[in-house]
Amino acid sequence: MNAHNIYAYRNTEQAQKAFYNACERYNTSKENKQLIKQHIEDHILDKSLKEETKRKYLYDWAVIMQWIPQSLSNISKQEIKDVLRGIKECKYSERSKETYFTKFKLFYKWFK
């Protein structure tokens, strides 16, 4: 069974809503929301990825939002360590943790 099958029954609109709900739930700053949204658009919309992959990317970022500091534009080394520690110590599977770590790392490379 393909790992993305769990996202096959949800549409992209629901995935986007999950991302925006996470931004609201974790009091994400407007600046961070725009930065992450731009990263997501640059990363998934410019590629010919399956719709399930695009939805998974949005759902994963909805989870990652809980560890994001208030200002990504001025993120410190300590805040980066805090994000990575949050991912490492979360209740999700090791595979999910690796996915979140990779997505955050991609974001950071894209941002810098």
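Every value quoted in this text rests on a predicted model; they were computed, and no experiment measured them.

A. The arrangement of helix H3 (residues 51-64) in detail. Relative to the 20 Å expected for 14 residues at 1.5 Å per residue, H3 spans 20 Å between its end C-alpha atoms, a close match to the ideal helical length. Here H3 lies mainly inside the structure; eleven of its 14 residues are buried. For H3, the set of buried residues is Lys54, Arg55, Lys56, Tyr57, Leu58, Tyr59, Asp60, Trp61, Ala62, Val63 and Ile64.

B. Fine view of the packing of aromatic side chains. Inspection of every chain in the model, using the stated rule, returns seven aromatic pairs. Ring centres 6.3 Å apart and planes at 45° place the aromatic pair Trp67 and Tyr100 in the tilted group. In this pair, Trp67 sits in the loop between H3 and helix H4 (77-89) while Tyr100 sits in helix H5 (residues 94-111), placing the two residues 33 residues apart along the sequence. Its relative accessible area of 5% is what places Tyr100 among the buried residues. Arranged with centres 6.5 Å apart and planes meeting at 35°, the rings of Phe104 and Phe107 form a pair that is tilted. With Phe104 and Phe107 both in helix H5, this residue pair falls three residues apart, about one helical turn. An identical accessibility class is assigned to Phe104 and Phe107; each is buried. One aromatic cluster in this structure is built from Trp61, Phe104, Phe107, Trp110 and Phe111.

C. Just the confidence of the model for the protein chain, in detail. Taken over all residues, the pLDDT of the protein chain has a mean of 86, while the share at 70 or more is 89%. Scored below 50 in pLDDT, residues 1-5 makes five contacts in the model with residues more than four places away or belonging to other chains.

D. Structural context of the nonpolar core. By size, the foremost hydrophobic cluster in this structure holds 28 residues, and its most contacted members are Phe19, Ile36, Ile40, Trp61, Met65, Ile68 and Phe104. When contributions to this core are tallied by element, the ones reaching two or more residues are helix H1 (12-25), helix H2 (30-45), H3, H4 and H5. Broken down by element, this core gets its largest block of residues, seven residues, from H3.

E. Here's a closer look at the environment of Lys30. Relative to the helices and strands, Lys30 is located in helix H2. For Lys30, a relative accessible area of 71% puts it in the exposed group. The spatial distance from the C-alpha of Lys30 to the C-alpha of Ser71 is 9.6 Å, given a sequence separation of 41 residues.

F. Structural detail: unusual backbone geometry. Positive phi is not limited to glycine here, since Asn27 has a value of about 50°. Along the chain, the position of Asn27 falls in the loop between H1 and H2.

G. Spatial organisation of the pattern of salt bridges. All chains considered together, the criterion is met by seven salt bridges. Note that Asp60 is salt-bridged to Lys56, the shortest N-O span being 2.7 Å. On the criterion of helical spacing, the pair formed by Asp60 and Lys56 is a turn pair, its members being four residues apart in helix H3. In this structure, Arg85 engages Asp82 in a salt bridge whose closest nitrogen and oxygen atoms are separated by 2.5 Å. Remark: Asp82 and Arg85 occur in helix H4; sequence separation between them is three residues, near one turn of the helix. Assessed through its relative accessible area of 32%, Asp82 is described here as partly exposed. Several salt bridges converge on common partners, so that one network encompasses Lys56, Asp60 and Lys103.

Cut-offs applied
Residues numbered from 1 in each chain as written. Predicted model: local features only at pLDDT ≥ 70, side-chain atom pairs only at ≥ 80, totals over all residues. Heavy atoms only, no water. Helix = DSSP H or I, 4+ residues; strand = E, 2+ residues; numbered from the N terminus. Expected span 1.5 Å × (residues − 1). Buried < 20%, exposed > 50% of the residue type's maximum accessible area, 1.4 Å probe, protein only. Phe/Tyr/Trp six-rings, centres within 6.5 Å; stacked < 30°, edge-to-face > 60°. pLDDT = per-residue confidence, 0-100. Contact = heavy atoms within 4.5 Å. Core = buried A, V, L, I, M, F, W, Y, C linked by side-chain atoms within 4.5 Å. Salt bridge = Lys/Arg side-chain N within 4 Å of Asp/Glu carboxyl O.

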